[in-house]
Amino acid sequence: MKEDRERKIDEWVESHREEMTEELMEFVRRPSVSRADLAEPGAPYGPDARKMLDFALERFGSFGFRTENHGGYVGSAWYGDQEEELGFYAHLDVVPEGPGWIYEPYNPLIKDGFVIGRGADDNKAAAVIGLYLMRYMKEHRIRLKKSFRMMFGCAEETGMDDFKQYQAQGGKLPDFGIVADCGFPVCFAQKGGWNADICVPKGADILDFSAGNVRNACPGEAFLCIRGDAAEITALLADYADLTAEDQGDGTVRIHAKGRGGHAAFPQGTDNAATKLAEQVFEALPQDRFDILGLSFIAKTFRNPFGEGMGFACEDEISGQLSSNAGVFRTDDRGIHIFLDIRYPVSAPIDAMTESFKKLLSENGAVLESLSIEKPFYIDKEDPRVRILQDCYREITGREDEPYAMGGGTYSRVIPGAVSFGPGLRNGVKPEFLPEGHGGAHGPDEVLHIESWLQAFKIYLLSILRLAEDEETAGTPEENEYPGTPV
Ligand SMILES: [Zn+2]
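Let me begin by describing the structure that accompanies this report. (Residues numbered from 1 in each chain as written. Predicted model: local features only at pLDDT ≥ 70, side-chain atom pairs only at ≥ 80, totals over all residues. Heavy atoms only, no water.)

**Focus: a negative patch on the surface**
- The grouping of D229, E246, D247 and D250 at the surface amounts to a negative patch.
- Note on placement: D247 falls in strand β14 (residues 243-247).
- For D247, a relative accessible area of 52% translates into the label exposed. (Patch = residues over 30% accessible without salt bridge, like charges linked within 9 Å, V, L, I, M, F, W, Y side chains within 5 Å. Areas by Shrake-Rupley, 256 points an atom, 1.4 Å probe, with all protein chains shown as cover. Salt bridge = Lys/Arg side-chain N within 4 Å of Asp/Glu carboxyl O. Lys, Arg positive; Asp, Glu negative; His and termini not counted. Charge placed at Lys NZ, Arg CZ, Asp CG, Glu CD. Helix = DSSP H or I, 4+ residues; strand = E, 2+ residues; numbered from the N terminus. Buried < 20%, exposed > 50% of the residue type's maximum accessible area, 1.4 Å probe, protein only.)

Below, the structure written as structure tokens:
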């Protein structure tokens, strides 16, 4: 009976391949960068994100599914009307198209089995999978013991304010759900996020210190402007290969530092140009001649990318080592402002760590200007629901991959009970027609591999049936009459 069902799913997917791909292209044609700066009533992330949400809800509604727009933050579509729900999460917003595209970001096309366009993979592919999961269940009159609820957010790429707002306003969530914005198989642990803005007193001879643009990237270069004699400073820095000093002609010197940039969550192989600049300049210039004390605190506290200087260093077997990135540096009258991105392991005592770090700051005259903490995600690998997802993945792909942990972060961090699972498959299928650096989720010429996408659909369908189907009627779907969703 089981094989019979899988064969039917295969046939259905084959006969809907073109329609499903066309649907995805319709989603991609709508630019949907989340822009809180363009907020309007009912459109907290700007008109594009709102139009995208309206379109998605209209598509689900057109197949007879009940839908709801939750204030423009999040949308829902339901199959079934039981109180208890199984969630399925995707996001409709995309990152800006950025430079370097060979193809058109919002005029998608199919080439060699790939769909090319911004959002084709991240994450509109998952929204369209959700629609087809519901269409399949409806056409086959599948009877579920809990409702299937597709939810899409409109601000995942800009900090997940969408689901934070939805919950802050009292919105209810399914007890358990699947976040389809990652890779297969199950991601069982994600580190917590600790994002802080701090201000450090600089010292009278520092005029400017700047580096980086975003918190979650390690800066590959940094600049420091200080008062002093150019010839003297140049001589003192002569031994430092990555520093170059430039005479500004007005009694000030601009020092440039070269490092190695990278992602905040993966410090191995990176070299933070800003903390290196602070460390080496402080070491090289005599303290009785230069008032640059702020550099000493920055070097001591933030140079180590595993949080040692902050008193944060820790690790656990589940989620690995804490990572610490000082991503952005800016200077004003009050001092040097530093934006930190820290990913902490699931077992870290984060409240106690935060308290002791605040003490360290105040002892040095520094100030914590803002702090936001996202709790880590963890689910037992032996949880029966995780076992079901792993089994379905294994059955469809024939692969034995174990559940994995990562630095984060998907919606799992902000939605309780939401496990990240797929839809990315590590099939290693790369488009041969694109040069190096193209094709990635946030880069130019984003692609979706259609075959892997359809395989992901099958994994999800099987998973949902096993998690939510009414056992008594399972296996004879075509004979079911499902009163909640008339065909
Ligand atoms: Zn995404």
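**Focus on the coordination of the zinc ion**
- Around the zinc ion, the protein contributes the donor atoms H91 (NE2), D122 (OD), D181 (OD) and D181 (OD), at 1.9 to 2.5 Å from the metal centre.
- Taken together, the four donor atoms coordinating the zinc ion and their angles of 52 to 139° define a geometry best described as irregular.
- Donor residues for the zinc ion, ordered by position in the chain, follow H-x30-D-x58-D. Here the residue D122 occupies a position in the loop between β5 (114-116) and α3 (124-139), and D181 occupies one in the loop between β7 (176-179) and β8 (182-183), the gap between them amounting to 59 residues.
- Residue class for D181 comes out buried when judged on its relative accessible area of 16%. (Donors = N, O, S within 2.8 Å, 3.2 Å for Na, K, Ca; no water. Tetrahedral: all angles 85-135°; square planar, octahedral: opposite > 155°, others 65-115°.)

**Here's the deal with helix α2 (residues 46-62)**
- The first and last C-alpha atoms of α2 sit 25 Å apart over 17 residues, in line with the 24 Å expected at 1.5 Å per residue.
- When we look at burial in α2, the residues that qualify are G46, A49, M52, L53, F55, A56, L57 and F60.
- With its phi angle positive at about 90°, G64 sits one or two positions after the end of α2. (Expected span 1.5 Å × (residues − 1).)

**Looking at the packing of α2 against α3**
- At their nearest, the axes of α2 and α3 sit 10 Å apart, and the two run at 20° to each other. Here α3 runs roughly parallel to α2, going by the angle between their axes. Handedness of the α2/α3 crossing: right-handed. Contacts between α2 and α3 involve M52, R59 and F60 from the first element and K124, A127, G130, L131 and M134 from the second.
- Looking at the contact of α2 with α3, its residues break down into five nonpolar, one polar and two charged. (Axes fitted to C-alpha atoms, helices over the stretch in contact; angles between N-to-C directions. Parallel < 35°, antiparallel > 145°, perpendicular 65-115°, else oblique. Left-handed = near helix turned anticlockwise from the far one by under 90°. Contact = heavy atoms within 4.5 Å. Nonpolar A, V, L, I, M, F, W, Y, C, P; charged D, E, K, R; others polar.)

**Side note on the sheet that holds β5**
- An order of β4-β5-β26 is seen for the three strands of this open sheet, with the pairing classed as antiparallel. The open sheet has two edge strands, β4 (109-111) and β26 (447-449), and neither has a second partner. Across this sheet, the average inter-strand angle for adjacent strands is 30°, counted without regard to direction.
- The strands touched by helix α10 (residues 450-468) within the sheet are β4, β5 and β26, with β26 carrying the most contacts at an inclination of about 60°. (Pairing = 2+ DSSP bridges.)

**Focus on the packing of helix α9 (residues 384-397) against α10**
- Relative orientation of the contacting elements α9 and α10 amounts to 140°, with a least axis distance of 9 Å. Between α9 and α10, the angle is such that the two are oblique. Of the two possible hands of crossing, α9 and α10 adopt the one that is right-handed. Across the interface between the two elements, R385, I388, L389, D391, C392, Y393, E395, I396 and T397 of α9 pack against Q455, K458, I459, L462, S463, R466 and L467 of α10.

**Some points on the packing of aromatic side chains**
- Applying the stated rule across the entire model yields 24 aromatic pairs.
- Ring geometry for F184 versus Y393: centroids 5.8 Å apart, planes at 25°, classification stacked. Within this pair, whereas F184 is found in the loop between β8 and β9 (186-190), its partner Y393 is found in helix α9, the two being separated by 209 residues in sequence. Here F184 and Y393 have matching classes, each one buried.
- On the numbers, 6.2 Å between centres and 85° between planes, the contact of F297 with F302 is edge-to-face. Like F297, the residue F302 is buried in the burial classification.
- Through a chain of ring-to-ring contacts, three or more aromatic side chains come together here, namely F88, F148, F184, Y393, F421 and Y460.
- We note R30 situated over the ring of F55; from NZ or CZ to the ring centre the distance is 3.7 Å.
- The ring centre of F433 lies 5.3 Å from the NZ or CZ of K111, which sits over that ring. (Phe/Tyr/Trp six-rings, centres within 6.5 Å; stacked < 30°, edge-to-face > 60°. Lys NZ or Arg CZ within 6 Å of the ring centre and 35° of its normal.)

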